[in-house]
Amino acid sequence: MAAITGLPPVLVLVVVFVLPALESSTLLGVVVPGEIAVLLGGVVAHGGRLPLWAVLVVAAAGAAVGDQVGYLLGRRYGPGLLARAPERIRRSPVLDRARALIRTRGAVAVVLGRWTAVLRTVVPAVAGAGGMARMPFTVANVTGGLLWAAAVSVLGYLGAASYHYLERRLSIGGEVLFGVVAVVVALWIWRQRVATRRAAD
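Each value, and the rule that gives it
- Residues numbered from 1 in each chain as written.
- Predicted model: local features only at pLDDT ≥ 70, side-chain atom pairs only at ≥ 80, totals over all residues.
- Heavy atoms only, no water.
- Patch = residues over 30% accessible without salt bridge, like charges linked within 9 Å, V, L, I, M, F, W, Y side chains within 5 Å.
- Areas by Shrake-Rupley, 256 points an atom, 1.4 Å probe, with all protein chains shown as cover.
- Salt bridge = Lys/Arg side-chain N within 4 Å of Asp/Glu carboxyl O.
- Helix = DSSP H or I, 4+ residues; strand = E, 2+ residues; numbered from the N terminus.
- Buried < 20%, exposed > 50% of the residue type's maximum accessible area, 1.4 Å probe, protein only.
- Contact = heavy atoms within 4.5 Å.

A. Molecular detail of a nonpolar patch on the surface. Residues Val-10, Leu-11, Val-14, Val-18 and Leu-22 make up a contiguous nonpolar surface patch of about 380 Å² in total accessible area. If you trace the backbone, Val-10 turns up in helix 2 (residues 9-25). You can call Val-10 exposed: its relative accessible area is 60%.

B. A look at the side chain of Arg-120. Residue placement: Arg-120 occurs in helix 9 (residues 117-129). Residue classification places Arg-120 among the buried residues on the basis of a relative accessible area of 3%. If near-sequence neighbours (up to four positions away) are discounted, Arg-120 is found in contact with Glu-23, Ser-24, Glu-35, Asp-67, Gly-113, Arg-114, Trp-115 and Trp-148.

C. Highlighting the pattern of salt bridges. Tallied over the full model, the rule gives five salt bridges. Measuring nitrogen to oxygen at the nearest pair gives 3.0 Å for the salt bridge that ties Arg-120 to Glu-23. Within this pair, whereas Arg-120 is found in helix 9, its partner Glu-23 is found in helix 2, the two being separated by 97 residues in sequence. One salt bridge connects Arg-99 with Asp-96, and the closest N-O pair in it is separated by 3.3 Å. Placement of both Arg-99 and Asp-96 in helix 7 (residues 94-105) is noted, with a separation of three residues, approximately one turn of the helix. Judged by relative accessible area, which is 51%, Asp-96 ranks as exposed. A single salt-bridge network, built from bridges that share partners, covers Glu-23, Glu-35, Asp-67, Arg-114 and Arg-120.

Put into structure tokens, the structure is as follows:
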């Protein structure tokens, strides 16, 4: 957490762009914490070192670029790309769920898939391999990326605001409050990983 928030503002934006971009372009969304980077970008924005709009725009751009690369790779290499995905993705029902979602919801599935870590990783490649037209995918991709980036960055911003509010109003020491926040974040990450493992089983 401090490793990102302590970076110079320009490097924070680089991380906020790169980690979401890596999620689906490399099929590593289950291990690359794109959401965490955007959340912490919102925290940095609340501290005044970055404008919130910059975090939102950069996060949305990273998410959209990563998904577009994943889509193009799926379109170019087809099912063969998905056959080289990490083993726990290949052996899980997530690919079947992604295919069913694309088949029944079309471009809407691209927007919906953005909100679930495992689906966020594979939906773009599945859409490309399944032959979804480029324009509908791109529109859905940009829309989903913007909505996701706005929600996650604002959540980080408001979380930081709540932290400082409680510190002032309750006279809680910064170290104690930071510890509580760190525990909450750790539990959230743990729950995400448990959910990811269950989805992959």
